[in-house]
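Per-entry structural report
Single-letter residue listing:
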Amino acid sequence: MAKRSLYQRLRSTAQVRLALFVLGVLLILISPIVGVLPGPGFLILFPLGLMLCLQNSAWAKRVYVRFKWRHPRYAAWTDRVMRRTSAARRRAREAVIAADGEALEKPPR
């Protein structure tokens, strides 16, 4: 059996998960303030905070899933920014389906 990483072992306690969730919320709240400064601060802090919130809170996951369902365009953007593997698989699957659909629409010569 593989050993769990230090981060995974620390996240197993409720206090650490709460602290990581609070840190994520703080990063999300600070990101617009940092966004007015020169540099890519907002683009780094917001996805990082969102990632911490989603990893450590079931409530945040439910809200995010509802958001993705209601706003698929924005959800695709956030998935891409967060580099979610599920989003990459979904895009690859949609590309294959689109390619198959185009192949079926073209008449044979």
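The following refers to the structure shown. Computed from a predicted model, the values in this text were never measured in an experiment. (Residues numbered from 1 in each chain as written. Predicted model: local features only at pLDDT ≥ 70, side-chain atom pairs only at ≥ 80, totals over all residues. Heavy atoms only, no water.)

We now examine the overall build of the protein. Along the backbone of the protein there are 6 helices and 0 strands. Along the protein, helices (α) and strands (β) appear in the sequence α-α-α-α-α-α when read from the amino end. The burial tally for the protein puts 21% of its 109 residues in the buried class. The contacts in the protein between residues at least 6 apart in sequence include a share of 42% that link residues at least 24 apart. Working note: accessible area of the protein is about 8,800 Å², and carbon and sulfur atoms make up 67% of it. (Helix = DSSP H or I, 4+ residues; strand = E, 2+ residues; numbered from the N terminus. Buried < 20%, exposed > 50% of the residue type's maximum accessible area, 1.4 Å probe, protein only. Contact = heavy atoms within 4.5 Å. Areas by Shrake-Rupley, 256 points an atom, 1.4 Å probe, with all protein chains shown as cover.)

The next thing to look at is a nonpolar patch on the surface. Judged by side-chain polarity, Leu-18, Val-22, Val-25, Leu-26, Leu-29 and Ile-30 come together as a nonpolar surface patch covering roughly 510 Å² of accessible area. Relative to the elements of secondary structure, Val-22 occurs in helix 2 (residues 14-35). Exposure remark for Val-22: the relative accessible area of 41% places this residue in the partly exposed category. (Patch = residues over 30% accessible without salt bridge, like charges linked within 9 Å, V, L, I, M, F, W, Y side chains within 5 Å. Salt bridge = Lys/Arg side-chain N within 4 Å of Asp/Glu carboxyl O.)

Listed in full, the 6 residues of the largest apolar core are Phe-21, Leu-50, Cys-53, Leu-54, Ala-60 and Tyr-64. Broken down by secondary-structure element, the contributors of at least two residues to this core are helix 3 (41-56) and helix 4 (58-70). Of all the elements, helix 3 adds the most residues to this core, at 3 residues. (Core = buried A, V, L, I, M, F, W, Y, C linked by side-chain atoms within 4.5 Å.)

Running from N to C, helix 3 and helix 4 point in directions that differ by 115°, and their axes come no closer than 5 Å. When the axes of helix 3 and helix 4 are compared, the pair comes out roughly perpendicular. Mapping the contact onto sequence places Cys-53, Leu-54, Gln-55 and Asn-56 in helix 3 and Ala-58, Ala-60, Lys-61 and Tyr-64 in helix 4. Residues that form the contact of helix 3 with helix 4 fall into these classes: 5 nonpolar, 2 polar and 1 charged. (Axes fitted to C-alpha atoms, helices over the stretch in contact; angles between N-to-C directions. Parallel < 35°, antiparallel > 145°, perpendicular 65-115°, else oblique. Nonpolar A, V, L, I, M, F, W, Y, C, P; charged D, E, K, R; others polar.)

Our focus in this paragraph is the environment of Arg-11. Its place among the elements puts Arg-11 in the loop between helix 1 (6-10) and helix 2. Between the C-alpha atoms of Arg-11 and Asn-56, which are 45 residues apart in sequence, the distance is 8.1 Å. Contacts of Arg-11, omitting those with residues within four sequence positions, involve Val-16, Arg-17, Leu-20, Gln-55 and Asn-56.

Attention now moves to the packing of aromatic side chains. By the definition in use, this model includes 1 aromatic pair. Here Phe-42 and Phe-46 contribute two aromatic rings whose centre-to-centre distance is 5.6 Å and whose plane-to-plane angle is 15°, an arrangement assigned as stacked. You can see Phe-42 and its partner Phe-46 sitting in helix 3, 4 residues apart, about one turn around the helix. Relative accessible area serves as the criterion here: at 32%, Phe-42 is assigned to the partly exposed category. (Phe/Tyr/Trp six-rings, centres within 6.5 Å; stacked < 30°, edge-to-face > 60°.)

By themselves, these figures tell us nothing about what the structure is for.
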